[in-house]
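Given next are the chains, with one letter for each unit.
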Amino acid sequence: MSVVLVEQDGPVGILRLNRPEVLNALNSAVMEALADQLTRWDRDPAVRVVILTGNDKAFAAGADIAEMAERTPVEMLQSAQITRWEAIRQFSKPLIAAVSGWALGGGMELAMLCDLIVASETARFGQPEIRLGVMPGAGGTQRLTKIVGKMRAMDLVLTGRHITAEEALQWGLVNRVVPVEQYWEEALKLARSLAAGPPLALALAKEAVLFSLDSTVEDGLKFERKVFALLFASEDRREGMAAFLEKRAPQFRGR
Ligand code: DAK
């Protein structure tokens, strides 16, 4: 059985972590499968949005501790894992995490690499690496701090405590929290609505928001102005504006 199940629902690509016996711990095989499939889908115009999910009990309880336990520092530094995380970060289309149960350590970092997070009420988030004698290594000190601010990041990173979906919602760490029976449908509904959107504008809007995390407001505004103007070259912007004026639904084609 594959460690990541790959499905497609029309324009929505679905990646389902599938190591339930270890709460979807992220080993090399999982990260390789995720990075490979996202790289493939990035080039495939038929896929417009991707949902990354696990099962009701676990999104992912972190990196696979059994695999990590014997690693040397040099192996950690040179490991192909880094490029796999980078490949996921480079994915240009909207990426939604549908999270239920555990999202810890690398699992939480993976969810934070996504653009939107739909959580079930049973979701639990945390950066418990400190309890293993280490610290977050895939964005938990950087991306988390940008999302929730210094004090809240310190709280999670230094104590290793878990927070509930409700707390995560209050912190702005997730977008929606719904009962466990509904989180999948909710994520799918969100994915389908984004998939009906203009693909080029979605990709550039994603890039511009992410750009803001690493740039000054001045540089970000310059970037925004340019990509905004660039979109005026697209057929989809003609279609979007014409459809509005003609009072009909637009048909976006990604051109
Ligand atoms: N790795 C391996 N196995 C795990 C696992 C993990 N992270 N989490 C759970 N499991 C396994 C358990 O060992 C157990 O296996 P068996 O004993 O049945 O063989 C099975 O899953 C069920 O787990 P529990 O029996 O522990 O279940 P409980 O409900 O009692 O507890 C729990 C659930 C999530 C609270 C507990 O399993 C837990 O604390 N798990 C570990 C969470 C953790 O510490 N995660 C952080 C790992 S460090 C990087 C990339 C990524 C990272 C770093 C660098 N680079 C690219 C440089 C990430 C690092 C991490 O995530």
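Residues numbered from 1 in each chain as written. Predicted model: local features only at pLDDT ≥ 70, side-chain atom pairs only at ≥ 80, totals over all residues. Heavy atoms only, no water.

Now for the sheet that holds strand β1 (residues 4-9). Taken together, six strands build an open sheet; the order of strands is β1-β2-β3-β5-β7-β10 and the sheet is mixed. Of all the strands in the sheet, just β1 and β10 (176-178) have a single pairing partner and so form its edges. Taking each pair of neighbouring strands and ignoring which way they run, the sheet shows an average axis angle of 20°. Note: strand β2 (residues 12-17) against strand β3 (residues 49-53), five bridges, orientation parallel. Across the sheet, the residue bridging to Val12 is Val49, located in β3. Here helix α1 (residues 28-42) sits on the sheet and contacts β1, β2, β3 and β5 (95-99); the angle it forms with β2, its principal contact strand, is near 175°. (Pairing = 2+ DSSP bridges. Helix = DSSP H or I, 4+ residues; strand = E, 2+ residues; numbered from the N terminus. Axes fitted to C-alpha atoms, helices over the stretch in contact; angles between N-to-C directions. Contact = heavy atoms within 4.5 Å.)

Moving on: the pairing of β2. Across the six residues of β2, five count as buried, placing the element largely inside the fold. What sits between the antiparallel neighbours β1 and β2 is a turn of two residues, in which Gly10 has the positive phi angle 60°. In terms of handedness, the path from β2 via α1 over to β3 forms a crossover that is right-handed. (Buried < 20%, exposed > 50% of the residue type's maximum accessible area, 1.4 Å probe, protein only. Right-handed = clockwise from strand over helix to strand, strands pointing away.)

So, about helix α7 (residues 150-159). Along α7, the positions that sit buried rather than exposed are Ala153, Leu156 and Val157. In an axial view of α7, the angular spread of the buried residues amounts to 90°, which keeps them on one side of the axis. More than 90 degrees from the buried face of α7, the exposed residues found are Met151 and Leu158. Among the structural elements, α5 (106-113), α6 (143-148), β9 (162-164) and α8 (165-171) are those in contact with the buried residues of α7. Note on α7: the residue one or two positions beyond its end, Gly160, has a positive phi of about 75°. (Arc of directions from axis to C-beta.)

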